[in-house]
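# Structural overview for review
Residue-level listing of the chains:
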2 protein chains.
Amino acid sequence: MLGRIYHLGYAVEDIDAAARFYAENFGAQPSEKEVVEEQGIVATMFRVGESQIELVQPTRPDSPVGKFLAKHGEGFHHVAFQVDDLEAALSDLKGNGVQLIDESPRIGAGGSRMAFVHPKGAFGVLTELVELPEG
Amino acid sequence: MLGRIYHLGYAVEDIDAAARFYAENFGAQPSEKEVVEEQGIVATMFRVGESQIELVQPTRPDSPVGKFLAKHGEGFHHVAFQVDDLEAALSDLKGNGVQLIDESPRIGAGGSRMAFVHPKGAFGVLTELVELPEG
Ligand SMILES: [Co+2]
Ligand SMILES: [Co+2]
């Protein structure tokens, strides 16, 4: 039911330095940086096989990623798995008493649908589920 | 140069509960548990696309994963990327002044060669590089 690792999100203090690290050492080709003002982040991503690594830097300290950095420092922030049917996955999780952040799908980038399982419900790992649009 | 996400390692307190969580909610098929006494762990893994998730529980509190759990609690422990040429990757990293845990390859499971980049050298993410045997 988990189709693939869709992306890993890394929280970083300096997105340019982090992007340069992956470009220079591993030949990664990070995308143009994108500011997402509602989330208080600037992000870039690069492909690794069927997955992507997303580098995320907060644009303000009171954003969720800003608070994460203040508490935990730089590092792994979340994993996103692709699923075929997000509604069904959420309904199973709810039925099994798993703690969710999003009880119903939110609309993400490119018309994808996504929801977060609470890290308390997934053994400490902030886990995103993503359903891609058809075709 | 990073071929794919080879695995994600999750540190857990109760490997049976964690394996059951992924089996029951996501149809994962965790492998037989395996004790690796030198590392002080018991581990199981399941496939997600071209990657695997490894669930790792310490068998003693003074093992590296035991200490990790005591300090950070359950959650993401490390990511492993497949590379074509581990010697070349380590030599590039060293040349670029990146902090490594292993300056030369160690032999891992199934004759693979692996080495860890220090999380301080990789923006807070404990990063393993794996080169698989030919064929
Ligand atoms: Co995400
Ligand atoms: Co590993």
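In short, a report on the structure. Since we're looking at a predicted model, the values are computed, not measured. (Residues numbered from 1 in each chain as written. Chains lettered and ligands numbered in written order. Predicted model: local features only at pLDDT ≥ 70, side-chain atom pairs only at ≥ 80, totals over all residues. Heavy atoms only, no water.)

### Some words on the pattern of salt bridges
All names here are of chain A. Selection rule: A pairing counts as a salt bridge when a side-chain nitrogen of Lys or Arg comes within 4 Å of a carboxyl oxygen of Asp or Glu. Put simply, DSSP marks the helices as runs of H or I at least four residues long and the strands as runs of E at least two long, and each gets a number from the N terminus on. Partly exposed describes any residue whose relative accessible area lies between the buried limit of under 20% and the exposed limit of over 50%, with all areas from a 1.4 Å probe on protein chains only and scaled to the type maximum.
Summed over all chains, the structure comprises 14 salt bridges over all chains. Between Glu37 and Arg60 there is a salt bridge; the shortest N-O distance is 3.3 Å. Placement of Glu37 in the loop between strand S2 (34–36) and strand S3 (41–48) and of Arg60 in the loop between strand S4 (51–58) and helix H2 (64–72) is noted, with a sequence separation of 23 residues between them. Owing to a relative accessible area of 47%, Glu37 belongs among the partly exposed residues under this scheme.

### A few points about the relation of the copies chain A and chain B
To be explicit about the condition: For this overlay, a least-squares fit was computed on C-alpha atoms, restricted to residues scoring pLDDT of at least 70 in both copies. Whether two residues are in contact is decided by their heavy atoms: any pair within 4.5 Å suffices.
The transform that puts chain A on chain B rotates by 180° and translates by 0.0 Å along the axis, for an RMSD of 0.0 Å. What the superposition gives is, in effect, a two-fold axis relating one chain to the other. Of the interface residues in chain A, 100% have counterparts in chain B that sit at the interface too, so the contact is made through matching surfaces.

### Side note on the side chain of A:Ser112
Residues and elements named next belong to chain A. With respect to the secondary-structure elements, Ser112 resides in the loop between strand S6 (106–107) and strand S7 (113–117). Classification of Ser112 by relative accessible area gives buried; the value is 6%. Not counting residues up to four positions away in its chain, the partners in contact with Ser112 are Arg106, Ile107, Val130, Glu131, Leu132 and Pro133.

### Describing the interface of chain A and chain B
What counts is decided by this rule: For any pair of parts, buried area is found by adding up, for both, the accessible area (1.4 Å probe) each one loses once the two are put together. Polar contact is defined as a pair of N or O atoms within 3.5 Å, subject to the rule that within protein one atom must be able to donate a hydrogen and the other to accept it, and that residues adjacent in sequence are counted only when both atoms are side-chain atoms. Following the grouping adopted for this structure description, the nonpolar residues are Ala, Val, Leu, Ile, Met, Phe, Trp, Tyr, Cys and Pro, the charged ones are Asp, Glu, Lys and Arg, and the polar ones are all others, Gly among them.
Counting from both sides, the interface comprises 36 residues of chain A and, opposite them, 37 residues of chain B. Of the roughly 3200 Å² buried between chain A and chain B, counting both surfaces, carbon and sulfur atoms make up 71%. For the pair chain A and chain B, the interface holds 0 salt bridges. Counting across the chain A and chain B interface gives 9 residue pairs in polar contact (both at pLDDT 80 or more). By residue class, the composition of the side of chain A that touches chain B is 23 nonpolar, 8 polar and 5 charged.

### Notes on the sheet that holds S7(A)
Residue and element names in this part refer to chain A. Just so we agree on the cut-off: Only when DSSP finds a minimum of two bridges between them are two strands counted as paired. Note on geometry: axes are C-alpha line fits, over the in-contact stretch for helices, and angles between N-to-C directions span 0 to 180 degrees.
Within the open sheet, the 8 strands sit side by side as S2-S3-S4-S1-S5-S8-S7-S6. Their pairing is mixed. Because the sheet does not close on itself, it has two edges, and the strands there are S2 and S6. The pairing of strand S5 (residues 75–83) with strand S8 (residues 127–131) spans 4 bridges and is classified as parallel. Directly across from Phe81, in S8, lies its bridge partner Leu129. Helix-sheet contacts for helix H3 (residues 86–95) involve S5, S7 and S8, and the interaxial angle to S7 is about 20°.

### Here's the deal with the coordination of the cobalt ion (ligand 2)
Note the threshold: The rule for donors is simple: an N, O or S atom within 2.8 Å of the metal counts, and for Na, K and Ca the reach is 3.2 Å. Water is not among the atoms, so a site may look short of donors.
Distances from the cobalt ion (ligand 2) to its protein donors, namely B:His7 (NE2), B:His78 (NE2) and B:Glu128 (OE), fall within the range 2.0 to 2.1 Å. For B:His7, a relative accessible area of 6% gives the class buried.

### A few points about the pairing of strand S8 (residues 127–131) of chain B
Residue and element names in this part refer to chain B. Burial analysis of S8 places 5 of its 5 residues in the buried class, which makes it a mostly covered element. Burial of the side chains of S8 extends over both faces: Thr127, Leu129 and Glu131 are buried on one face and Glu128 and Val130 on the other. Where strand S7 (residues 113–117) meets S8, 5 bridges bridge the pair, whose relative direction is antiparallel. Opposite Arg113, over in S8, you have Glu131 as the bridge partner.

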